[in-house]
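Each chain, letter by letter, is given below.
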Amino acid sequence: MTTETFVIGIIAALALGAVIAAMTLVPTLSRPTVPLGVSVPADRIADPVVRTAVRRYRRACLIAGALAVIGLFATLDHPATIVIWTLGYLIVATVAFAALRRPIVDAKRAGDWYAGHRVAVSAPITPDAPGGVGPTWPLHLAALLVALGAAGWTAASFDRLPDPLPAHWGAGGVVDRWEPKTWASVLSMPAFSVLMVVAVAALCVWMGRRVDPLLPDGDPEQARREQIRKQHVMQVALGWINVATAALFGVLGANLIVQWPADVFSAIMVAGVAAVTVPVIWMTMAAARTSRTDATSDGPDSPDDDAHWPGGLVYYNREDPRLNVPKRAGLGYTINLAHPAGLALSALLVVALICSAVVPFALTR
Amino acid sequence: MEIELDPTSSAPLYQQIHDRIVEGIALGRLRRGQPLASVRQLAGWFGINPGTVVKAYDQLRAEGFIETTPKSGTTVVADRDHPTATDERLDAVRAELFTVLATARAHGLDAAALDALVAAARERLDP
């Protein structure tokens, strides 16, 4: 195995590991009253049927994950298969999710779990209502300073930069594509980095401003605390991701000026990718801590909205004017497929996913 | 101010929005001049059809509780400390109250029980 394939393997395993962790932790990251994407009243959170289904799902995720990692390293000589292992794993985990939630759906229907439960959703009616948790500005500012600093340093070092300019590196840190040195080619990457920083900060502003109905889950105060804490966790994590990504681009730019030896550069890149995954892992763990497992139900329950969640994963509600809604399984937001723009956006994402699987093969032909 | 809606209730959603806002005014939680969320905002915040909010606001407007102007949007114009009801509105309230009390009487509640019902409701409005 060459150094290059080994480095590719490490980076791919990191990415696959993050996917496996995210899928395995889906039940922990979701609201406690939607185990495997099935609405249940708060007094059924600890029902044996629910517990068994969630345990089976976690086990399926871990076994499939172990197989995917073994497969990834066994076929490392064909790096284009990496995406196949990752996508394949995602498909298997999704199928497991869809299949293993069935017993909960059946038990709920047979036992009429919602009978006699008061349900409600609440939201403000006055515009002065407080929104969500806002962006972590110091982190976004730091990211912007890093990105602008890198752009400034690159611009100031224009005369020292090699001509032609390295345009792409293999995973071993060896340049495999060159382009002529112009101001455009020199500044395109730093400019892209600055744009990325601004885009992530804008996403955080949008997240902080949006108001979504509070689903009381049997205990409105607790549900609100969890909602705020999850928003806080996402804001802090996105702030750190912004800093880490800007730093990664900064290192790429600095390498043009300093020109580290290939193995040093490659080590820095692996550390950089790891640094981007750290905030994601922190977010997952911090959000997982917020989930409760006890079955209290003094307040109203959240409505059974399974009808709007086919398979427990996708959202389809013609009545809902929102393009994005908080995800039911895991953290973040998902698209309302019944929204006119929602379908177009989803089609675009699917095409992008398929391209990411096909392009590596086309390139290695 | 926040309100709760029950999507499974037999009362339609627009009626629930209407009733919660009227109760907010009656309890003094909504005062004259207080701006309300726009139709688009409220529909988005609850994830419901904007038509539902339009229907609730139309009814509140017709009853003289809210007003919508292009400049300041939708605001509350009624206030529990300032009588604003027209004779026509009072007649409507009398008719609704009669139906509510008639429902209780039809369930077999006697005059004393009706008085207790009314007193309990008044106590909630002015504790």
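Everything here concerns the structure above.
Bear in mind the structure is a predicted one, so any value in this text is a computation, not a measurement.

Participant: Quick question: what am I supposed to make of the overall build of chain A here?
Facilitator: Looking only at helices and strands, chain A features ten helices and five strands. Projecting the C-alpha coordinates of chain A onto the three principal axes gives extents of approximately 75 × 50 × 35 Å. Counting only contacts in chain A whose residues sit at least 6 apart along the sequence, the fraction spanning at least 24 positions is 73%. Entry remark: accessible area of chain A is about 17,800 Å², with carbon and sulfur atoms responsible for 70%. Side-chain charges of chain A comprise 28 positive and 25 negative groups, with the mean position of each set lying 3 Å from the other.

Participant: Would you mind going over the nonpolar core with me for this structure?
Facilitator: Note on soluble globular proteins: their nonpolar side chains tend to be buried together. Core analysis: the largest hydrophobic core is formed by 28 residues, its most contacted members being Leu36, Tyr57, Tyr89 and Ile104 of chain A. Among the secondary structure elements, those contributing two or more residues to this core are helix 1 (3-24), helix 3 (48-74), helix 4 (81-100) and helix 5 (102-111) of chain A. By residue number, the principal contributor to this core is helix 3 of chain A, which donates eight residues. Every residue in contact with tyrosine 89 of chain A, bar those within four places of it in the chain, is listed here: Leu16, Val19, Ile20, Met23, Thr24, Cys61, Ala64, Gly65 and Ala68 of chain A. With 25 residues, the next largest nonpolar core counts Val211 of chain A together with Ile3, Ile17 and Tyr57 of chain B among its residues.

Participant: Could you clarify how one ought to interpret the environment of threonine 86 of chain A in this entry?
Facilitator: All names here are of chain A. Residue placement: threonine 86 occurs in helix 4. With a relative accessible area of 18%, threonine 86 lands in the buried category. Taking the C-alpha atoms as reference points, threonine 86 and alanine 223, 137 residues apart in sequence, are found 34 Å from one another. Each residue touching threonine 86, except ones within four places of it in the same chain, is listed here: Leu16 and Val19.

Participant: What's the story with the interface of chain A and chain B in this structure? I'm lost.
Facilitator: Much of the literature gives interface size as the accessible area that the parts lose upon coming together. Taken together, the contacts link 22 residues of chain A with 24 residues of chain B. Across the chain A/chain B interface, buried area totals approximately 2,000 Å², and carbon plus sulfur atoms make up 59% of it. Area buried by chain A at its contact with chain B is led by Ile125, Thr126 and Pro127 of chain A, which between them contribute 31% of it. Summed over the shared surface of chain A and chain B, the result is two salt bridges. For arginine 118 of chain A, the salt bridge goes to glutamate 4 of chain B, with nearest N and O atoms at 3.3 Å. For the pair chain A and chain B, the interface holds eight residue pairs in polar contact (both at pLDDT 80 or more). With four residues, strand 1 (residues 121-124) of chain A is the single largest residue contributor to the side of chain A that touches chain B.

Participant: Would you explain unusual backbone geometry in this entry?
Facilitator: Trans is the common state for peptide bonds, and a negative phi is the common state for residues other than glycine. Residue and element names in this part refer to chain A. Following aspartate 163, the chain continues into proline 164 via a peptide bond in cis, with omega recorded as 0°. Along the chain, the position of proline 164 falls in the loop between helix 6 (137-156) and strand 2 (165-169). Even without being glycine, leucine 36 reaches a positive phi, approximately 50°. Considering the arrangement of structural elements, one finds leucine 36 in the loop between helix 2 (26-29) and helix 3. Leucine 36 sits in the buried class, given a relative accessible area of 2%.

Participant: Help me understand the pattern of salt bridges in this model?
Facilitator: Should the charged atoms of two oppositely charged side chains come close, the side chains can pair. All names here are of chain A. The tally for this structure, following the rule as stated, stands at 18 salt bridges over all chains. The shortest N-O distance in the salt bridge between aspartate 47 and arginine 44 comes to 3.0 Å. A single network of salt bridges, built from pairs that share partners, joins Lys108, Asp304, Asp305, Asp306 and Arg328.

Reading the values: the criteria
- Residues numbered from 1 in each chain as written.
- Chains lettered and ligands numbered in written order.
- Predicted model: local features only at pLDDT ≥ 70, side-chain atom pairs only at ≥ 80, totals over all residues.
- Heavy atoms only, no water.
- Helix = DSSP H or I, 4+ residues; strand = E, 2+ residues; numbered from the N terminus.
- Contact = heavy atoms within 4.5 Å.
- Areas by Shrake-Rupley, 256 points an atom, 1.4 Å probe, with all protein chains shown as cover.
- Lys, Arg positive; Asp, Glu negative; His and termini not counted.
- Charge placed at Lys NZ, Arg CZ, Asp CG, Glu CD.
- Core = buried A, V, L, I, M, F, W, Y, C linked by side-chain atoms within 4.5 Å.
- Buried < 20%, exposed > 50% of the residue type's maximum accessible area, 1.4 Å probe, protein only.
- Buried area = accessible area lost by both parts, 1.4 Å probe.
- Salt bridge = Lys/Arg side-chain N within 4 Å of Asp/Glu carboxyl O.
- Polar contact = N/O pair within 3.5 Å; in protein donor to acceptor, adjacent residues only side chain to side chain.

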